[in-house]
Amino acid sequence: MDTNWDCLLLDCRLASLVDNGQPYGRMEEAAIAWKDGLIAYAGPRAELPAAPERLAATVESLHGAWVTPGLIDCHTHLVFAGDRAVEFELRLNGASYEEIARAGGGIVSSVRQTRDASADELLAQSLPRARALLADGVTTIEIKSGYGLDLPSERKMLEVARRIGDELGVGVRTTFLGAHAVPPEFAGRQSAYVDEVCIHMMPQLAAAGLVDAVDAFCEKIGFTPSETRRVLETARGLGLPVKLHADQLSDLHGAALAAEFNGLSADHIEYTSSAGVKAMAQAGTVAVLLPGAFHVLRETRLPPIDALREHGVAMAVASDLNPGTSPLLSLRLAMSMACTLFRLTPEEALRGTTLHAARALGLGDRGRLVRGLRADLAVWNIQHPAELCYWLGGAPASRVYAAGRRLV
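Here, residues in each chain are numbered from 1, in the same order as that chain's written sequence. Owing to the predicted nature of the model, reporting of local features is limited to residues with pLDDT of at least 70; listing and counting of side-chain atom pairs is limited to 80 or more, with chain, interface and lining totals taken over all residues. The side-chain numbers reported here are obtained from all heavy atoms of the structure, hydrogens and water having been left aside.

## Topic: the packing of aromatic side chains
- Each aromatic pair joins two rings of Phe, Tyr and Trp (for Trp, the six-membered one) with centres within 6.5 Å, and gets the label stacked for planes under 30 degrees apart, edge-to-face for over 60, and tilted for any other angle. Here the structure, examined in full by the defined rule, presents 7 aromatic pairs.
- Note on Tyr390 and Trp391: the rings are 4.9 Å apart at their centroids and 70° apart in plane angle, and the pair reads as edge-to-face.
- Take Tyr390: its relative accessible area is 58%, and that puts it in the exposed class.
- Given a relative accessible area of 45%, Trp391 falls into the partly exposed group.
- Cluster of aromatic residues (ring-pair linked, three or more members): Phe186, Tyr193 and Phe223.
- The cationic tip of Arg129 hangs over the ring face of Phe80; the distance from NZ or CZ to the ring centre is 3.6 Å. With a 1.4 Å probe rolled over the protein chains alone, any residue whose accessible area is under 20% of its type maximum counts as buried; one over 50% counts as exposed, and the rest are partly exposed. Two conditions define a charge sitting above a ring: the NZ of Lys or the CZ of Arg must be within 6 Å of the ring centre, and it must be within 35 degrees of the ring normal.

See the structure below:
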């Protein structure tokens, strides 16, 4: 074993999320070390191969703190300009999500503001949101486009997402969501806009190296299943993995469509049928639960949690951070809401923001505390991992590391 480690943390408790027969993959009186950004040791302190001071350049005691994998927010719309607080007030006064969208609000209002912002302005507005997630223990963030809806603006959004990763040192995965809404210049010509997405926008952005995955909003107020299928077929032709906003407001069989294309994930899925769940299970498609939007929209239709458990579908949890339906700056609060609103257990919620969230992004190199994986981890001043879902607010993350580099 190479013992010339960069850092060794002693006197900690690990929620490793490995299958060791203990809840959370719990390890007491443990130690964790890394070298060159990868975990080199995660296990009992008593089994270290030599005295700590001989093993690493930096050795520190955590005095009994808990260590988990770095949290992964696998569904965000973090890059946008402006806000939609007025729409929040309208909904509280009785307007529906669909009514607001059809009146020119909703996604299209964010499009206007995002198009008008320069790249630097967009970065300046988005960085505080990313920093809030980092302070909450997040080390990887998925960021979607979809508030530009033309080639220059979608490119701008994706470039800003990459800049956030470079500036903060956090992992960023970019998702092209050109099929998010129909922009004003294509009003009444939705099919022509799908042509624009598939023929021009997606190929050029993919060729520029700006796209890690492709998503679409398959919904009555979004895109039809046939239009969505075309987007997914185009992505497959370009060798890009797919995700899908599926069955949020109605059952258009979006989850099954995502599974048909071996989608990384189907997200929202409040109206997904048992057939859709079975299709996801067969394809290995992750269910991404988004309790923030459920809460803000005051929905009552729960995702099919029992069916997902029964068929062994992995459940991820994400913030869905966006200006309209989930202005949520805390992934831990999303975990708590997944427990209270959707009845996940705290362990399911933690696995949903680590191991399963990594799967939802196609990342096999993070999400557990295992030798050889990325040294993405969070140190928590708590007495039990359930506290990550128990506390509403607060800042128990004392340290956050991404690839062995301390971010917080």
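## A word on the layout of surface pockets
- Space inside the largest pocket adds up to approximately 310 Å³.
- Put plainly, a pocket is an open set of points on a 1 Å grid over the protein atoms alone with protein on both sides within 12 Å along at least five of seven lines, a cavity is a set where a 1.4 Å probe fits but cannot get out, and a lining residue has an atom within 4 Å of a point. Lining the largest pocket are 16 residues, with Ala101, Arg102, Val108, Ala181 and Ile221 sitting closest to its centre.
- Think of it this way: any DSSP run of H or I at least four residues long counts as a helix, any run of E at least two long counts as a strand, and we number them from the N terminus. Contributions of two or more residues to the lining of the largest pocket are made by helix 2 (97-102) and helix 3 (107-116).
- In terms of residue count, the dominant contributor to the lining of the largest pocket is helix 2 (3 residues).
- Lys, Arg, Asp and Glu make up the charged group, whereas Ala, Val, Leu, Ile, Met, Phe, Trp, Tyr, Cys and Pro make up the nonpolar group; the residues left over, Gly among them, are polar. Residues belonging to the lining of the largest pocket are distributed by class as follows: 9 nonpolar, 5 polar and 2 charged. Grid points are joined across faces, edges and corners, and a volume is the space filled by probe spheres set on the points.

## Details of the UniProt feature "binding site: Fe(3+)" (unreviewed entry) in the protein chain
- Under the present numbering, the feature "binding site: Fe(3+)" (unreviewed entry) in UniProt falls on His75, His77, His245 and Asp320. With the annotated positions falling across 246 residues, the maximum pairwise C-alpha distance of 12.2 Å places them together in a single cluster. Narrowing the list just given to those that line the largest cavity leaves His77, His245 and Asp320.
- Looking at the secondary structure, you find His77 in the loop between strand 6 (71-73) and helix 1 (85-92).
- Beyond its immediate sequence surroundings of up to four residues, His77 is in contact with Lys144, Ser145, Tyr147, Leu177, His180, His245, Asp320, Leu321 and Asn322.
- Here His245 shows up in strand 10 (residues 243-246).
- Those residues within four positions of His245 in sequence are excluded, and the remaining contacts are His75, His77, Lys144, Leu177, Asp215, Ala216, Phe217, Cys218, Asp267 and His268. UniProt positions are given in the numbering used here, feature names are shortened, and annotations may be inferred rather than shown by experiment. Should any heavy atoms of two residues lie within 4.5 Å, those residues are considered in contact.

## Examining the packing of helix 6 (residues 190-207) against helix 7 (residues 225-237)
- In this analysis, axes come from line fits to C-alpha atoms, helices being fitted only over the stretch in contact, and the angle between any two N-to-C directions falls in the range 0 to 180 degrees. Closest axis-to-axis distance for the helix 6/helix 7 pair is 10 Å, and the angle between their directions is 5°. Considering their axes alone, helix 6 and helix 7 lie roughly parallel with respect to each other. Of the residues in helix 7, those touching helix 6 at Gln190, Ser191, Val194, Asp195, Val197, Cys198, Ile199 and Met202 are Glu227, Arg230, Val231, Thr234 and Ala235.
- Taken together, the residues of the contact of helix 6 with helix 7 sort by class into 7 nonpolar, 3 polar and 3 charged. Note on angle classes: values under 35 degrees are labelled roughly parallel, values over 145 roughly antiparallel, values of 65 to 115 roughly perpendicular, and the remainder oblique.

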